[in-house]
Amino acid sequence: MKYLSRKFRFAPFVLLFGCLFQGYATAQDGGFSNEFGQSAQPPAAAEAPVPKPSPEEGKTAPPRRPPVLVSVLAEREVFVGDEPVKFHYVVRSLAGVRVEVDAGQDLAPFSVVSIAVGNRITLPGAEGVTAQEFTVVLRLLGNLPLGAYAVPPLAVRYEYDEIIPGADGKVTKTRKSNTALSKSVKLEKVPLYVLTDTLHEVVHIGDPNVLTLSIHASAEAEILNEHPPEKPQEGIVYLSSFSLDKPFAMLARHREEAVGDSGTYRVVAYRYTYLVLDIQSEPFKAPVPPVLWKLRKAKKGASSDIRTISPSSANVTVRSILKKDSVLEPQKGMPDTDPMERTFFFIVPATLAALLAVGLAGFGISRLITFLAARKARKRRLPVSTTAGDEELPEPVYETSFWAWLRLRYKLRNAWLEYNRAPSKDGCMVLRSLVARYAVSRIRGEGRIDRIQAASFTADEFAGILDPSWIQVLARLEHQLEGDSYTAIPIFLGSWR
């Protein structure tokens, strides 16, 4: 008994909790309604049994919203002559609905110029709804008078398959089609209207911007302030010479004109390129020049007074390249450098370069002075004739380079040939001088002898300095000069080295 009492001591609490839960569930069921607005409470026990549903009750209710909706947006509300106007029709439809726009439908007094069909896309956030854009260009028929005209609604045909489940589980598929109409749009035919456009509404300071003034004029309208006359009138702003004052600066002006196919209208566009040279928190207002015009031939009772269209100014916001709280603001301009870096990377290299330049200049000047002094000393000595026949070659100061040595060899060969052809005292003296110079020019190193000194050396003085072959040639030439007897001597020029 003690065990049973412990086992069932929580029974009252369990029963109480079950009763409360049942009452709460009953209250909740009584407070909800189904999708048809009916109560969700179960039927009472005393009520009659529910009859079986009929086949008509098994059909699904038609959708409350239409399967296709058409919205329209006109590019503008005014036009001149037979100027075409572009309309954007957006067709929103449920998934599975096929739509079609007939290009030949009657939209009098307008005619359809072209229809462009866009891609069909699924609208974000709307499950099962798609959108497709149709761009329709319309033009007014004939030469109708000025005034307001209504564009008839555009008819969009659509069709879809309606599926109805039957009571026996079978599905009935029915093809349905209908037409959706857009709203009617009102347009007004006017003799002239003006449009303005700005290339950039937000620019940086100093960036060029373009302000476009488009004048759409019919053949009856005349623009009066395009070009200034010979005597411009005060207070009239002419479009071709329009300029902007500070803080704006005009850079260029450009005019374009286009005439419609039928000649009933024209479009004159002025493009003003300017820049802003100041900055402020509020947008700048760039003024737009007014347009003065009148009708060429006014009808009876119509006014032909001059009319003015003053477009609103264009707002341009100017921003700086860097924000005021930017971390790059302190770095504008030349950055501050460390004095130690400036010393080692600028001052020291510049000083060394200057010292090197001064040293090289001093060395060059000293070498030039030495050269001029040596040349002056050589000119004071008696020159040695170097005439060889009818040819006389210039002599360099030093026969050190290969080309100078080659010229000396060429001169020695010609003088030797001339002497062997007609031996004479002058030829012997020239030949001896050239032989001595050529022989000493082949000496390298510390034993080198100046060519002027070599010309006065005798064969005995060259002993131990020159090659014996050259000493023999010099001895034979000196012997002929002493004996005043001259004969040919075989040419000996030695090797090229």
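Summarised in this report is the structure supplied together with it. (Residues numbered from 1 in each chain as written. Predicted model: local features only at pLDDT ≥ 70, side-chain atom pairs only at ≥ 80, totals over all residues. Heavy atoms only, no water.)

Nonpolar side chains collect at one region of the surface, where M340, F344, F345, V348, L352 and L355 lie side by side and expose about 690 Å² of accessible area between them. Position of V348 among the secondary structure elements: in helix α3 (residues 339-380). (Patch = residues over 30% accessible without salt bridge, like charges linked within 9 Å, V, L, I, M, F, W, Y side chains within 5 Å. Areas by Shrake-Rupley, 256 points an atom, 1.4 Å probe, with all protein chains shown as cover. Salt bridge = Lys/Arg side-chain N within 4 Å of Asp/Glu carboxyl O. Helix = DSSP H or I, 4+ residues; strand = E, 2+ residues; numbered from the N terminus.)

Before going further, it helps to spend a moment on the packing of helix α5 (residues 425-441) against helix α7 (residues 468-483). The contact between α5 and α7 brings their axes to 10 Å, and the two run at 155 degrees. The orientation of α5 with respect to α7, classified from their angle, is roughly antiparallel. Seen from above, α5 lies across α7 with left-handed handedness. Residues K425, C428, M429, L431, R432, V435, A436, Y438 and A439 of α5 form the contact with α7, whose participating residues are W470, V473, L474, L477, E478, Q480 and L481. Its residues assigned to classes, the contact of α5 with α7 shows 12 nonpolar, one polar and three charged. (Axes fitted to C-alpha atoms, helices over the stretch in contact; angles between N-to-C directions. Parallel < 35°, antiparallel > 145°, perpendicular 65-115°, else oblique. Left-handed = near helix turned anticlockwise from the far one by under 90°. Contact = heavy atoms within 4.5 Å. Nonpolar A, V, L, I, M, F, W, Y, C, P; charged D, E, K, R; others polar.)

Each pair of aromatic rings is reported with the distance of its centres and the angle of its planes. Within this structure, the stated rule accounts for eight aromatic pairs. Between F248 and Y274 the ring centres are 5.7 Å apart and the planes differ by 75 degrees, which places this aromatic pair in the edge-to-face class. On the criterion of sequence distance, the pair formed by F248 in strand β15 (residues 248-259) and Y274 in strand β16 (residues 265-276) is long-range, its members being 26 residues apart. The exposure class assigned to F248 is buried, which follows from its relative accessible area of 8%. Residue class for Y274 comes out buried when judged on its relative accessible area of 1%. Measuring from centroid to centroid gives 6.1 Å for F248 and F284, while their planes differ by 75 degrees, and the two rings are edge-to-face. One end of the pair, F248, is in strand β15; the other, F284, is in strand β17 (residues 284-286), with 36 residues separating them in the sequence. Note on accessibility: F248 and F284 belong to one class, buried. Among the aromatic side chains, those forming a connected cluster through ring pairs are F242, Y270 and Y272. (Phe/Tyr/Trp six-rings, centres within 6.5 Å; stacked < 30°, edge-to-face > 60°. Buried < 20%, exposed > 50% of the residue type's maximum accessible area, 1.4 Å probe, protein only.)

Attention now moves to the sheet that holds strand β2 (residues 78-79). One key point about sheets: their strands pair by backbone hydrogen bonds, in either a parallel or an antiparallel sense. Overall, mixed pairing links the three strands, which are arranged β2-β10-β7 in an open sheet. A strand with exactly one partner marks an edge of an open sheet, and here the two such strands are β2 and β7 (147-151). Two strands pair when backbone bridges link them, and β7 and strand β10 (residues 185-189) are joined in this way by five bridges, in the antiparallel orientation. When the sheet's bridge partners are listed, V151 is paired in β10 with V185. (Pairing = 2+ DSSP bridges.)

Time to look at the sheet that holds strand β8 (residues 155-165). The strand order β4-β8-β9 describes an open sheet built from three strands, whose pairing is antiparallel. Both outer strands of the open sheet, β4 (98-101) and β9 (171-181), are each paired with one neighbouring strand and no more. If you compare each strand with its neighbour and ignore which way they point, the axes differ by 20 degrees on average.

Taken by themselves, the reported measurements are silent on function.
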